[in-house]
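This is what each chain is made of:
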Amino acid sequence: METQKVLKVKNLKTYFELDEGTVKAVDGISFEVKEGEIFGLVGESGCGKSVTALSIMRILPKTARILEGEILFSPNGSNTLNLVEFDQESDELRKIRGKDITMIFQEPAASFSPVYTVGEQIMEAILLHKDVTKSKARQMTIEMLKKLRLPNPEKIFDAYPFELSGGMLQRCMIAAALVMNPKILIADEPTTALDVTIQAQILYLMKQLQKEYGTSIILITHDMGVIAQMADRVAVMYLGKIVECSAVYEIFSNPLHPYTKALLASIPGLGARKSKLETIKGNVPDPYNLPSGCRFHPRCPQFIKGLCDVEEPQLVEVKPGHVVQCFLYKGVRS
Ligand SMILES: Nc1ncnc2c1ncn2[C@@H]1O[C@H](COP(=O)(O)OP(=O)(O)OP(=O)(O)O)[C@@H](O)[C@H]1O
């Protein structure tokens, strides 16, 4: 039996209309997230990963607009909701946000108010979404803090955010997101701000808990190493587009798009000389003035003049489940 899809994003376009011009932050992307999988979204800063997440959560800033596309959420396999159709402030979305779809951010301090204890804040979210007593909500919170291996969870419950280290606060934020038992957890660079050892511990814990609860995770990162450690499938983004998508083992063993190859070459220990994307020539182009044709062509080592700078390639399926948007490849179905 085919695994159920909890989320289908179809041709999503989210633009910022600013005085300086239009930023096509997300420009016609499509992907699916299966029940219980970790789906990675990877790419350099500014490629549209966070705007994709904010579009799904429908918590975009006022200057952003979803121009086109569908975000189909199927919480239980039978009914499907197109999240784009609801008003951002609607009750329907409020119910979904924070309960069925939760999100954790890079900076945990920004998610907690400094004036209430961590426990009070997690408990309040439970009481908002679940029909349980205060003492049950407290018990659920403490149990979840324990699952995140926080020492002395009762004490952490009563701590104010400033009393905890970045790593501990990040665990509290994950606890707050998982205690709701969401269908989808969106994790936007969840460990980028932490040091490498703590990062590895938290990623390991997230994966353990994801397996235990069967949660689908959309994991956003600029780090291919994190993708290798965590994800089942991955979409590679470049300037608002998905340029390649496949199972993680397939991307690592058979990367197709020149941009994916460059991202892989930048991982320390995988043949990279430098940790930044210095193997790719040039910088990410100005978002107000995107290159014609394939957006990667000015930086691409395999650029074909008169083609890549003129026409935009189509996304083609090279093998089942492996798609790429590049003229170097012909699809099995095209
Ligand atoms: N509030 C905003 N106003 C105007 N432009 C924005 C805003 N937020 C994001 N953008 C633009 O949208 C594009 C995509 O940004 P986004 O934050 O999604 O990238 P990202 O891949 O998540 O990068 P990072 O890892 O740095 O967060 C960028 O060109 C960015 O400058």
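Structure first, text after, so check above.
The present account deals with the structure reproduced in this document. Treat the numbers as computed from the prediction; the structure is a model and nothing was measured. (Residues numbered from 1 in each chain as written. Predicted model: local features only at pLDDT ≥ 70, side-chain atom pairs only at ≥ 80, totals over all residues. Heavy atoms only, no water.)

1. Remarks on the pairing of strand β2 (residues 21-34)
Phase 1 of the analysis: As paired strands, strand β1 (residues 5-18) and β2 are joined by ten bridges and run antiparallel to one another. Bridge pairing in β2 places F16 opposite V23. (Pairing = 2+ DSSP bridges. Helix = DSSP H or I, 4+ residues; strand = E, 2+ residues; numbered from the N terminus.)

2. Digging into the packing of aromatic side chains
Phase 1 of the analysis: Using the criterion set out here, one finds five aromatic pairs in the structure.
Phase 2 of the analysis: With centroids separated by 5.0 Å and ring planes inclined at 10°, the aromatic side chains of F31 and F39 adopt a geometry described as stacked.
Phase 3 of the analysis: A network of ring pairs unites the aromatic residues Y238, Y259 and F296 as a single cluster.
Phase 4 of the analysis: Over the ring of F157 we find R138; its NZ or CZ atom is 4.3 Å from the centre of that ring. (Phe/Tyr/Trp six-rings, centres within 6.5 Å; stacked < 30°, edge-to-face > 60°. Lys NZ or Arg CZ within 6 Å of the ring centre and 35° of its normal.)

3. What about the site of the ligand?
Phase 1 of the analysis: What surrounds the ligand is a group of 15 residues, the closest being S45, G46, K49, S50 and V51.
Phase 2 of the analysis: Here an oxygen atom of the ligand and a backbone polar atom of C47 are 3.1 Å apart.
Phase 3 of the analysis: Surface burial for the ligand is 67%, taken as the share of its 630 Å² of free accessible area covered by protein chains.
Phase 4 of the analysis: Those elements that provide at least two residues to the shell around the ligand are β1, β2 and α1 (49-57).
Phase 5 of the analysis: The dominant element in the shell around the ligand, judged by the number of residues it contributes, is α1, at three residues.
Phase 6 of the analysis: Of the residues contributing to the shell around the ligand, the split by class is eight nonpolar, four polar and three charged. (Near = heavy atom within 4 Å. Polar contact = N/O pair within 3.5 Å; in protein donor to acceptor, adjacent residues only side chain to side chain. Areas by Shrake-Rupley, 256 points an atom, 1.4 Å probe, with all protein chains shown as cover. Nonpolar A, V, L, I, M, F, W, Y, C, P; charged D, E, K, R; others polar.)

4. Quick look at the sheet that holds strand β8 (residues 216-221)
Phase 1 of the analysis: With mixed pairing, the eight strands of this open sheet are ordered in space as β6-β7-β8-β3-β9-β10-β12-β11. Only two strands of the sheet have a single neighbouring strand rather than two, namely β6 (101-104) and β11 (316-319). Averaged over all pairs of adjacent strands, the angle between strand axes in this sheet comes to 20°, irrespective of strand direction.
Phase 2 of the analysis: Pairing of strand β10 (residues 241-247) with strand β12 (residues 322-324) involves two bridges; the strand directions are antiparallel. Opposite C245, over in β12, you have V323 as the bridge partner. (Axes fitted to C-alpha atoms, helices over the stretch in contact; angles between N-to-C directions.)

These results come straight from atomic positions and should not be treated as a statement about function.
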